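# Coordinate inspection notes
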Amino acid sequence: MFGYAGQILKVDLETGKVVKEPLKDELVKGYIGGLGASAKILFESLPPMTEPYSPENVVIFATGPAQGTLIPGSGRGLFVSKSPLTNRIFNSNVGGYIAAELKFAGYDLLAITGRSSKPAYIAIDGDNVEIKPATSMWGKTTYETQAMIKEELGDKSFQVACIGPAGENLVKYSAIIHNLHAAGRGGIASILGWKRLKAIAVRGDKSIEVPDKDALIAFYKEIREKCSKHPTLPGYGTTVALGTINKLGCLGTRNWQTEVFEKAANIDGYTTIPKYKRLDIACTGCPMGCGKVQEVAEGKYAGALAKGPEYETLYALGSLVGVGDFDALVSAARLCDEYGLDTISTGVVIAWAMECYEKGILTKDETDGLELNFGNGDAVNEVIKRIAYKNGYLGNLLARGVKEASEIVGCGSQYFAMHFKGLELAGHSPRGVKGWTLGYSVGWRGGSHHDGRVHDIEYPKTFEERALKYEDKPEIVYKTVHRVMIEESLITCRFFGGYYGPLEPNENHLRILKLTTGFDMTLEELWRTARRIRTLIRCIEVRDGFGRKGDVNAPPLRVLNEPIPEGPSKGAHAKPSEFKVMINRLYDLMGWDRETGKPKSEVLKELGLSDVTI
Amino acid sequence: MAMVTVTLEYTLKFRSITGKDLEKVTLEDKTTIGGILELLKLKYGDIFEKEFANPSGDKIAGAPLLLLNGRALKLPEGLNTYINDGDIITFTYAIAGG
């Protein structure tokens, strides 16, 4: 079977049973791999309304046909499970080297069920798979853990993904860390923490066969040539996005009270890279090399070092909390990585707490003595520690995520709790980029910037087209959502969107599929596959009790009611009347019932999902 | 003839070519954005013309972005826009990734 390792590895932490099953032809033909294959498995294995923290919940680490081959941008894998933040199916994407390694070890997917009685980790050394004790590592940071496992296994070439104290303590937005990379979003690390699974370590020496090596090498060279001319990613990674988005007036600042940050230049990569960059890194076989490791050399945060910080982290731990001190920001990012916290959710939760504090909703008693004003970088660093260990009232409150925290605190703070469907809002403005209001709301994950993925094509547009026009957004979101379905199933990096995307499933995706698997799929079949995957995910959402109501109620009230107050995008916001029109139109395109949000029976039939009952 | 002063802001490749982040230029009233590109071509070479007036290659993967007071201009139509005193014109690239 070209492009695949050919096996699914199943590990039950309750019984200790390890099972290897052949990868079924119908799974890869109908769902490609990655997200598609995971959705199919989860649809069949998760009982309706499965509690995220339960033995029944499955955590899948998934690869697609691109992993372990020369496809540029294939150095990524997916953790898929039910999220404790959203109660919905969730995929969290991680870069680095472990996805290819899993395939080299002989497996396309790893599915973890049950709950261990003691801390454990899974060691996969090719055909040999063991559940090993991790008691000595429990409580250790992610960097300590990775080093300890490599030491214990006696080989640094093992690739390790692990959780930190935040995951162990069931912080709902804890992150899985691999090397310097993170599967950050959705809190799947806390599911692993609940299962008492500290880490996964993988080593393999098999190879992935492809149908035409010469054609794949030629493709690699073609894309590598394009990468060499890319104006931003090879030199700056995503770090310079901050400055550009700020210039457009779309940068979430001080909990989205405004979208212009006066200190953006301090933390933009354009300023920091020349001074702070220590290292360039790339995921497996990547010719783009967008990873920039920056380090603080002096001052009270000397020694703090983090990959990036990527744009999303610069937003969440910078402008959103009003911090223009880059040293403090790098330190905060480093703490999140060490404790295993999602930087986006962490920043959004802290920004909400800061607004509560400045409005008198949270007092100094409730912040356990902290002066939690916007711009206080020291406080941000301190709060991160308290969240990871759930220390004090504040740490316990914020560890729940912004949705739950705001429901506990009340006093109108839900109005500015910036999340969609329970997932804290990423750094792309739903007010300044109107397509994002729709993209986040109808996304299966909510506040993820990878569901609708409209900004790749919306930022270059004029203000009027980007922020005011709404009539064309349903068609755009319809296309980008299905592009994401394909790219998350092949698993290619979104940063190659300019070459493989950027808008909808297309000939480039067919080319990648053919080069890796040899499948001769038509564009029509590719589209149908994308629709099948999205529709099946929708069926899981519906089965879990989410339909139209969840989509319509998704936007934060600030997004719907408060225009951007200043700057180049002043006046932009998602008007409720426009939002309703956009949702209805998108439902029509998707083939979902306008009243319930359920996929229509004729659509299920067309996509070969007739046997699906919801 | 009335004159206007505008700020030209350069990032990334444009900074490398011009050797500066900002420059203020005073021009005749009724100058267009396209007219500024002509002047920049004379001063710094044809990079500005290649990226904004006659763009080629990838439009999406790091597309050139021309902002007038923080708002993207639609190209090529936007090149006919007249400048006003105090305008800020930014030469950059659309974000990629993030």
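Everything below is about the structure shown above.
Residues numbered from 1 in each chain as written. Chains lettered and ligands numbered in written order. Predicted model: local features only at pLDDT ≥ 70, side-chain atom pairs only at ≥ 80, totals over all residues. Heavy atoms only, no water.

### Notes on the overall build of chain B
Keep this limit in mind: Only DSSP runs of H or I reaching four residues or more are called helices, and only runs of E reaching two or more are called strands; each is numbered from the N terminus. Only protein chains enter the accessibility calculation, which uses a 1.4 Å probe. A residue is then buried if its area is under 20% of the maximum for its type, exposed if over 50%, and partly exposed in between. Contact criterion: two residues are considered in contact whenever any of their non-hydrogen atoms come within 4.5 Å of each other. In short, Shrake-Rupley with a 1.4 Å probe defines the accessible areas, and a residue's cover is counted only from the protein chains shown.
Looking only at helices and strands, chain B features 3 helices and 5 strands. In sequence order, chain B lays out its α and β elements as β-α-β-α-α-β-β-β. Every one of the 98 residues in chain B was classed for burial, and the buried ones make up 51%. Residue pairs at least 24 apart in sequence account for 62% of intrachain contacts in chain B once pairs closer than 6 positions are excluded. Accessible area for chain B stands at about 4,600 Å²; split by element, carbon and sulfur atoms hold 52% of it.

### What to know about the nonpolar core
Across soluble globular proteins, you tend to see nonpolar side chains buried next to one another. All names here are of chain A. Where we set the bar: The term nonpolar core refers to a set of buried residues drawn from Ala, Val, Leu, Ile, Met, Phe, Trp, Tyr and Cys, joined through side-chain atoms within 4.5 Å.
Within the largest apolar cluster, 132 residues are counted, with the highest numbers of intra-cluster contacts made by Phe79, Ile124, Tyr315, Trp352, Ile384 and Leu398. In terms of residue count, the dominant contributor to this core is helix 14 (residues 343-358) (10 residues). Setting aside residues no more than four positions away along its own chain, Ile384 makes contact with Leu317, Ala332, Leu335, Cys336, Tyr339, Leu341, Thr346 and Ile350. In this structure, Val58, Ala62, Leu216 and Leu536 belong to the second largest nonpolar core, which totals 62 residues.

### Considerations on unusual backbone geometry
Residue and element names in this part refer to chain A. Looking along the chain, the bond that leaves Gly308 and enters Pro309 is cis, with omega of -10°. Inspection of the secondary structure assignment puts Pro309 in the loop between strand 15 (305-307) and helix 12 (311-316). One non-glycine residue, Asp368, lies in positive phi territory at about 55°. With respect to the helices, strands and loops of the structure, Asp368 is situated in the loop between helix 14 and helix 15 (377-389). In this structure, Arg453 is a non-glycine residue whose phi angle is positive, near 50°. Here Arg453 shows up in the loop between helix 18 (434-442) and helix 19 (455-458). The exposure class assigned to Arg453 is buried, which follows from its relative accessible area of 0%.

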